[in-house]
Amino acid sequence: MIFFLFQFAMEPNYLHIWPRNTFMMIALPNMDKSFTCTLFMPFEEFEKLMTGEQVLDFFQTYFPDSIPLIGERELKHDYFLLPAQAMISVKCSSYHLSSRCVLMGDAAHAVVPFYGQGMNAVSSQLALCHSVPTSSG
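Residues numbered from 1 in each chain as written. Predicted model: local features only at pLDDT ≥ 70, side-chain atom pairs only at ≥ 80, totals over all residues. Heavy atoms only, no water.

Explain the environment of C37 to me, please; I cannot follow it from the model alone.
Looking at the element boundaries, C37 is found in strand β3 (residues 35-40). Spatially, the C-alpha atom of C37 lies 6.8 Å from that of M25, the residues being 12 residues apart in sequence. (Helix = DSSP H or I, 4+ residues; strand = E, 2+ residues; numbered from the N terminus.)

Structure (structure tokens):
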């Protein structure tokens, strides 16, 4: 029965998303049965949360069901471990290495995977590559 002590707190085979108006939180499972949570919101909102109590109040308002999963003490501490960072997309012009390798999808565009555009990008790129005639020589 010790097995049950080491279960995931949430279903591990899903991307957990808490969408809210202009922000969202996601949780991804880790091998040690913990989750990595990421909060995406405008910088102005991050700047309003300066103390552990303000963070707890924010989570009680917008993500109350996540607090028992994270823990109040951990939430008030871990929130401040990393600074807010910008989400960026990177575009490059060289998608290939000679005729040996081609980057497609998220790998070619450096778009964060949860944007859900990787499969769209790679599908259209594969269709384009398939339509280009090849020379055999």
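Which parts of the structure should I look at to understand the pattern of salt bridges?
Should the charged atoms of two oppositely charged side chains come close, the side chains can pair. One pass over the structure, following the stated rule, counts three salt bridges. Note that K48 and E45 form a salt bridge whose closest N and O atoms lie 3.2 Å from each other. Remark: E45 and K48 occur in helix α1 (residues 43-48); sequence separation between them is three residues, near one turn of the helix. We classify E45 as partly exposed; its relative accessible area is 23%. Note that E53 is salt-bridged to K76, the shortest N-O span being 2.7 Å. (Salt bridge = Lys/Arg side-chain N within 4 Å of Asp/Glu carboxyl O. Buried < 20%, exposed > 50% of the residue type's maximum accessible area, 1.4 Å probe, protein only.)

Before we go on, may I ask you to explain the environment of V55 in this structure?
Along the polypeptide, V55 turns up in helix α2 (residues 52-62). When near neighbours in sequence (up to four residues on either side) are disregarded, V55 contacts L49, L75, Y79 and F80. (Contact = heavy atoms within 4.5 Å.)

Quick question: what am I supposed to make of the nonpolar core here?
Generally speaking, a soluble globular protein has its nonpolar side chains buried in company with each other. Grouped together as the largest cluster of nonpolar side chains are 18 residues, with contacts concentrated most on L39, M41, F58, F59, F63 and Y79. Elements represented by at least two residues in this core include exactly β2 (23-29), β3 and α2. Not counting chain neighbours up to four residues away, the residues in contact with F58 comprise F23, L39, M41, L49 and F63. (Core = buried A, V, L, I, M, F, W, Y, C linked by side-chain atoms within 4.5 Å.)

Quick question: what am I supposed to make of the packing of aromatic side chains here?
Any aromatic ring pair is given by two values, namely how distant the centres are and how the planes are angled relative to each other. Under the counting rule described, the total for this entry stands at nine aromatic pairs. Judged by centre distance (6.1 Å) and plane angle (70°), the rings of F23 and F63 are edge-to-face. One end of the pair, F23, is in strand β2; the other, F63, is in the loop between α2 and α3 (67-70), and 40 residues separate them in sequence. A residue is classified by how much of its surface remains accessible, and F23, at 9% relative accessible area, is buried. The buried category is assigned to F63, whose relative accessible area is 0%. Ring geometry for F59 against F63: centres 5.4 Å apart, planes inclined by 50°, an arrangement best described as tilted. (Phe/Tyr/Trp six-rings, centres within 6.5 Å; stacked < 30°, edge-to-face > 60°.)

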